[in-house]
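Here is what each chain is made of, one letter per residue.
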Amino acid sequence: MTNKANQYSPVCRAVKYALASGLALGLYSTSALAQEAAAEEQKVEKIAVVGTRAAPRSIADSPVPVDIIGGDELMKSGSSDMLNMLTTTIPSLNVQTTPISDAATLIRPVNLRGLSSDSTLVLLNGKRRHRASVITFLGGGLNDGAQGPDISVIPGIALKQVEVLRDGAAAQYGSDAIAGVINFVLKDNADGGSIEVKQGEFFAGDGTSTEIAANIGMPLTDNGFFNVSMQYKNVDPTSRSVQRADAAALAAQGNPFIAPITQVWGSPKIKDDITLFANAGLDLGNDREAYIFGNYSERDVTGGFYYRNPHTRGGVFSNDGGQTLEVIDTTGSGNCSNVSLFDGTRKLNHNEITARVNALPANCFTFFSMFPGGFTPNFGGNITDTSLTAGTKGEFKSGFAQGVFYDFSASVGRNESAFNIINTVNASLGPDTPTDFEAGKYIQLEKNFTADFIKYVNMGLHNDVAVAGGLQWTEETFEIVAGEVASWEIGPYVSQLTNGSNGFPGFQPDDAGVNTRRNYAAYVDVEAEFTDNLLMAAALRFEDYDSFGTTTNYKITGQYRLNDDWALRGSHSTGFRAPTVGQANVRNVRTAIFEGELQDVALLPPTHPVSLLKGGKELTPEESRSYTLGLVYSGSGFFFTADWFRIEVDDRISQSTEFDVSQTDRDVLRAAGVRGVESLSKVTFLTNDFDTVTTGLDLVANYSTSILNGRSTFSLAYNWTDTEVKRFSAVTGDFKVSRLEKDLPDHRATLTWNQQWQDIDMFVRSNYYGSFQGVHADDPDLTGKGSSKVTFDVELAYHWNDSFTVAVGAQNLFDTKPERLPQWMSDILGAKYFETSPMGINGGYYYLKGVYRF
């Protein structure tokens, strides 16, 4: 059946054609389709919609660098995580593993061109995507305090293509577009579909994943389409751990309750991860269209946490560093005293300590009795993500607006993170403490209303001038929901033991609340082809926020075609990133490690009295200036781009250093109404406290030819990025600066060979990761230099018939290991590898999958 929804106005038809022709050749095409695609490959250009408001352009004619990744190309991966799919194809995009990183374990941040995750704007079908509710507090330095979207909820099977604009675009799209824009384009087929089943695990025998995904296109009357995608998966956790030295010593002393691995470093467990995406369009006639799309996604995530030593953990087992076990009197009879762990200078063994504990009166309690081997909390949560966007677009046919194309839309997006922590205690409750806690929620809610217009004006130039403009209204809400009472309650023994669920205290009623901000924007965007060889564009955007005021930004771009094959392009723009409502109001208490010791750290709003005392102040927008200069070659089956960029960002938002909390500070906290301050050791807050300059180079090359009796496509992508901190103060600290400048590898590259025969496809990719600063547990004392690495991915697919394909593949085929921690570091926390490793820490992964197309 013909999809009449594609037969709209000239611009709408151009957009529809752009999205269709932008699809890369798919590994899972049937043999007939593969042969047809190979024959037509030279005739079809990749078309980008993002980066321009005029008619879509081929990426060779774009004045700014844009990558087009076809939906089928994304699926050439054993991973079903969108973050991993993108990083294997875009070297300037980095994603680090985040074991034992509080909420960052649940939603991993991404980094484009060396900037934080919330410096990249994410669009879905060209519309702004809402942020995640998680704010990254342990984000590997670069993402500390960042609040970006949750890209992982988007399944590859739902996508027609992904467009990555590697250029500042705040003047075109608004806040967050300092590093660039990623536009996810959903499938819009009105018929056909596919079902995919995939199973895989790491070479180490863990991390087993099972995934079922499906897509189906259906007609919506005779004039539209309704396309639905579903993905369901479960992923087992991994462990790249060794036994901690202190736990091994306890086991050697005869403690039988010590687990073989007391602290796990690895990927979290993902359970019942289900995602539904729907995309629909309807031709209303007379060059008018209605559209609607959205999603529902939910998953449960559980990760590891730090081990609590049964002799030394402060506030639970001991308050003097392990000299004695802290004992509480449950009746107030006054006959309880601490249990010494020494006989003179000799440390008692486990049986001797147990005997002393068992000899205590019945009313005397120590947590050693409940957890003689210590305990390791497991932190996790339930992540729910929903969105809905609806709109109409077309052309005014009469009146003063005749000839103007319009697009009116409204969207709402909501992301909820419900946190829980298990196998832990609220020590201040003594023996009455539960061991599992619901710690509360973060909820991010965003609403957008937009009106976009474009008119093509004949000004006597080579082509009509595209004049675009529009309005946008946004409301952003961040809500904190208090945890269950036991997760934050101040128990009767708080004078001796810490309160709140140990490891991640629940959000208190005083923390709970709703904060809202509204802003509106107006923009104008003009694009003109002065001659057949010269294209210029300019954009101007004004935004007004009811919190911090107004901002105005501009962008100028241009491309000059030297001849049929060569072109120069460049851009200059200013940009901004508004602090989120969550960043301005979030409160949290986490457990972190300092000099080998666990301590509670309170993150407070920057305007909190204690934050002000330590140098905090109200957050202001980040401001940027971007410059790019590029060279494009397109001819004889070969495509090449080289783009140099420089991004200057002032007043970047990050977490301050951790300040010690004195008794005076605690008194101030109590006076301000903050509960549970007895357990706080350190305090931190978000701040605009440094300026950076990021310089880099992106090289992209593609070549197609016929060899080995089949069709071959070779692709090379290389990125060099260097960040220098130009200004900072003691509020930020030297270690934060070091992490911004050195944590990510300066050099990254991928080289891909895609080979297609009659019934067999082969895919080989090599990945290069340059050297980096290895950091473990966010501790400045646990740092080192990580060396460069090369890994290989491979996949072989057999087209059984025109409908069914089976494939087998491996990521990191040769099980190349990341940088190993020095032995003394492994002894402290039980990890094998630096968690900042850009290639991940899990090693090789193999998989088998089958695809049925109909």
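Quick caveat, the model's predicted, so the values are computed rather than measured.

S.K.: Residues and numbers for the overall build of the protein chain, please.
M.R.: The helix and strand tally for the protein chain stands at 14 helices and 43 strands. In terms of overall dimensions, the protein chain is globule-like: its C-alpha atoms have a radius of gyration of 28 Å, near the 29 Å expected for 854 residues. Its C-alpha atoms give the protein chain principal-axis dimensions of about 95 × 60 × 50 Å. Taken across its 854 residues, the protein chain has 61% of its residues classed as buried. In the protein chain, 71% of the contacts between residues at least 6 apart in sequence involve partners at least 24 apart. Side-chain charges in the protein chain split into 69 positive and 99 negative, and the spacing between the mean points of these groups amounts to 1 Å.

S.K.: Run through the state of the cysteines, naming residues and quoting values.
M.R.: Per the counting criterion, the structure on display carries 1 disulfide. There is a disulfide in this structure between Cys336 and Cys364, and the S-S distance comes to 1.9 Å. On the S-S bond that ties Cys336 to Cys364, the torsion sits near -90°, and the link is left-handed. Of the two residues, Cys336 sits in the loop between strand 16 (328-329) and strand 17 (339-340) while Cys364 sits in strand 20 (residues 364-365), which places them 28 residues apart along the sequence.

S.K.: Residues and numbers for the pattern of salt bridges, please.
M.R.: Across all of its chains, the model carries 44 salt bridges by this definition. In this structure, the salt-bridge partner of Arg587 is Asp511, at a minimum N-O distance of 3.8 Å. One end of the pair, Arg587, is in the loop between helix 10 (581-585) and strand 29 (588-594); the other, Asp511, is in the loop between helix 9 (485-488) and strand 25 (513-529), and 76 residues separate them in sequence. For Glu795, the salt bridge goes to Lys849, with nearest N and O atoms at 3.5 Å. Residue Glu795 is found in strand 41 (residues 789-799), and its partner Lys849 is found in strand 43 (residues 845-853); the two are separated by 54 residues along the sequence. Counted as one network, the salt bridges with shared partners bring together Arg128, Arg131, Asp176, Glu446, Glu476 and Arg517.

S.K.: Quick rundown of the sheet that holds strand 6 (residues 120-124)? Include the residues and the values.
M.R.: The 5 strands lie next to each other as 3-8-9-6-7, forming an open sheet whose pairing is mixed. One side of each edge strand has no neighbouring strand; the edge strands of this open sheet are strand 3 (66-70) and strand 7 (127-128). With 5 bridges joining them, strand 6 and strand 9 (residues 180-186) adopt parallel strand pairing. Counterpart to Leu123 in the pairing with strand 9 is Asn183.

S.K.: Summarise the side chain of Ser116; cite the residues concerned and give the values.
M.R.: Within the secondary structure, Ser116 is located in the loop between strand 5 (110-112) and strand 6. For Ser116, a relative accessible area of 6% translates into the label buried. Of the polar contacts made by the side chain of Ser116, one reaches the side chain of Asp118; its length is 2.7 Å. Dropping the residues within four chain positions of it, Ser116 is found in contact with Val110, Asn111, Leu142, Asn143, Ala146 and Arg652.

S.K.: Can you break down the pairing of strand 31 (residues 622-635) residue by residue, with the values?
M.R.: Across 12 bridges, the pairing between strand 28 (residues 566-577) and strand 31 is antiparallel. Looking at strand 31, one finds that Thr574 is bridged to Arg625. Two successive antiparallel strands, strand 31 and strand 32 (residues 638-655), enclose a turn made up of 2 residues, where Ser636 displays a positive phi of approximately 55°.

S.K.: So, the packing of aromatic side chains: which residues are in play, and what are the values?
M.R.: Per the counting criterion, the structure on display carries 34 aromatic pairs. Pairing Phe504 with Phe507 gives two aromatic rings, centres 5.8 Å apart and planes at 70°, and the pair type is edge-to-face. A relative accessible area of 2% places Phe504 in the buried class. Judged by relative accessible area, which is 1%, Phe507 ranks as buried.

S.K.: Explain the side chain of Arg748 residue by residue, including any values.
M.R.: Structurally, the position occupied by Arg748 is in strand 37 (residues 747-756). Comment: no salt bridge for buried Arg748; closest opposite-charge side chain is Asp793, at 8.4 Å. A polar contact of 3.1 Å, which involves the side chain of Arg748, links it to the backbone oxygen of Leu93. For Arg748, the contacting residues outside a window of four places in its chain are Thr87, Ile90, Pro91, Leu93, Asn94, Ala717, Tyr718, Asn719, Tyr768 and Tyr769.

S.K.: Please provide a residue-by-residue account of helix 7 (residues 350-358), values included.
M.R.: Within the span of helix 7, buried status applies to His350, Ile353 and Val357. All buried residues of helix 7 fall inside an arc of 65° around its axis, so they share one side. Facing away from the buried surface of helix 7 by more than 90 degrees, the exposed residues are Asn351 and Asn358. Against strand 15 (324-325), strand 17 and helix 8 (367-370) lie the buried residues of helix 7.

S.K.: Any chance you could break down the pairing of strand 6 for me, citing the residues and the numbers?
M.R.: Extensive coverage of strand 6 is indicated by the burial of 5 of its 5 residues. Across the two faces of strand 6 the burial is the same, with Thr120, Val122 and Leu124 and Leu121 and Leu123 all buried. Relative to strand 7, strand 6 runs antiparallel, the two being bridged by 2 bridges. Bridging from a neighbouring strand, Leu123 pairs with Arg128 of strand 7.

S.K.: Can you explain the confidence of the model for the protein chain? Please cite residues and give values.
M.R.: Here the protein chain averages 87 in pLDDT, while 91% of its residues score no lower than 70. No element of the protein chain has a lower mean pLDDT than helix 2 (residues 31-40), which averages 34, and none a higher one than strand 12 (residues 224-235), which averages 97. A low-confidence stretch, residues 1-44 (pLDDT under 50), is modelled with 117 contacts involving residues beyond four sequence positions or located in other chains.

S.K.: Could you give an account of the environment of Val731, naming the residues involved and the relevant values?
M.R.: Following the sequence through the fold, Val731 ends up in the loop between strand 36 (710-728) and helix 13 (734-742). According to the relative accessible area criterion, Val731 is buried, its value standing at 12%. On a C-alpha basis, the gap between Val731 and Tyr769 in space is 32 Å, while along the polypeptide they are 38 residues apart. The residues contacting Val731, other than those within four sequence positions of it, are Lys614, Gly615, Ser656, Thr657, Phe659, Phe685, Thr687 and Asp689.

S.K.: I'd like to hear about the nonpolar core, residue by residue, with values.
M.R.: Ranked by internal contacts, the top residues of the largest apolar core, which has 35 residues, are Leu74, Met82, Leu86, Ile151, Leu159, Val162 and Phe184. Counting residues per element, this core draws most heavily on helix 4 (residues 82-87), at 4 residues. In contact with Val162, not counting residues within four places along its chain, are Asp67, Ile68, Ile69, Leu74, Leu86, Ile182, Asn183 and Phe184.

S.K.: If you had to explain unusual backbone geometry to someone new, which residues and values would you point to?
M.R.: Even without glycine at this site, Asp287 takes up a positive phi of about 60°. Positive phi, close to 60°, is recorded for Asp651, a residue that is not glycine. Within the fold, Asp651 resides in strand 32.

S.K.: Go over the environment of Thr721, please, and point to the residues and values.
M.R.: In this fold, Thr721 is placed in strand 36. Taking C-alpha positions, Thr721 is 8.8 Å from Arg748, a pair spaced 27 residues apart along the chain. Apart from residues lying up to four places away in sequence, Thr721 is in contact with Arg113, Gly114, Phe645, Thr694, Thr695, Gly696 and Asp746. At 2.8 Å, the side chain of Thr721 forms a polar contact with the side chain of Asn719.

S.K.: Can you break down the environment of Val661 residue by residue, with the values?
M.R.: Relative to the assigned elements, Val661 resides in the loop between strand 33 (659-660) and helix 12 (663-671). In this structure the C-alpha to C-alpha distance between Val661 and Ala602, which are 59 residues apart in sequence, comes to 9.4 Å.

The rules behind these values
- Residues numbered from 1 in each chain as written.
- Predicted model: local features only at pLDDT ≥ 70, side-chain atom pairs only at ≥ 80, totals over all residues.
- Heavy atoms only, no water.
- Helix = DSSP H or I, 4+ residues; strand = E, 2+ residues; numbered from the N terminus.
- Rg over C-alpha atoms; globule rule 2.2 N^0.38 Å.
- Buried < 20%, exposed > 50% of the residue type's maximum accessible area, 1.4 Å probe, protein only.
- Contact = heavy atoms within 4.5 Å.
- Lys, Arg positive; Asp, Glu negative; His and termini not counted.
- Charge placed at Lys NZ, Arg CZ, Asp CG, Glu CD.
- Disulfide = S-S within 2.5 Å.
- Salt bridge = Lys/Arg side-chain N within 4 Å of Asp/Glu carboxyl O.
- Pairing = 2+ DSSP bridges.
- Polar contact = N/O pair within 3.5 Å; in protein donor to acceptor, adjacent residues only side chain to side chain.
- Phe/Tyr/Trp six-rings, centres within 6.5 Å; stacked < 30°, edge-to-face > 60°.
- Arc of directions from axis to C-beta.
- pLDDT = per-residue confidence, 0-100.
- Core = buried A, V, L, I, M, F, W, Y, C linked by side-chain atoms within 4.5 Å.

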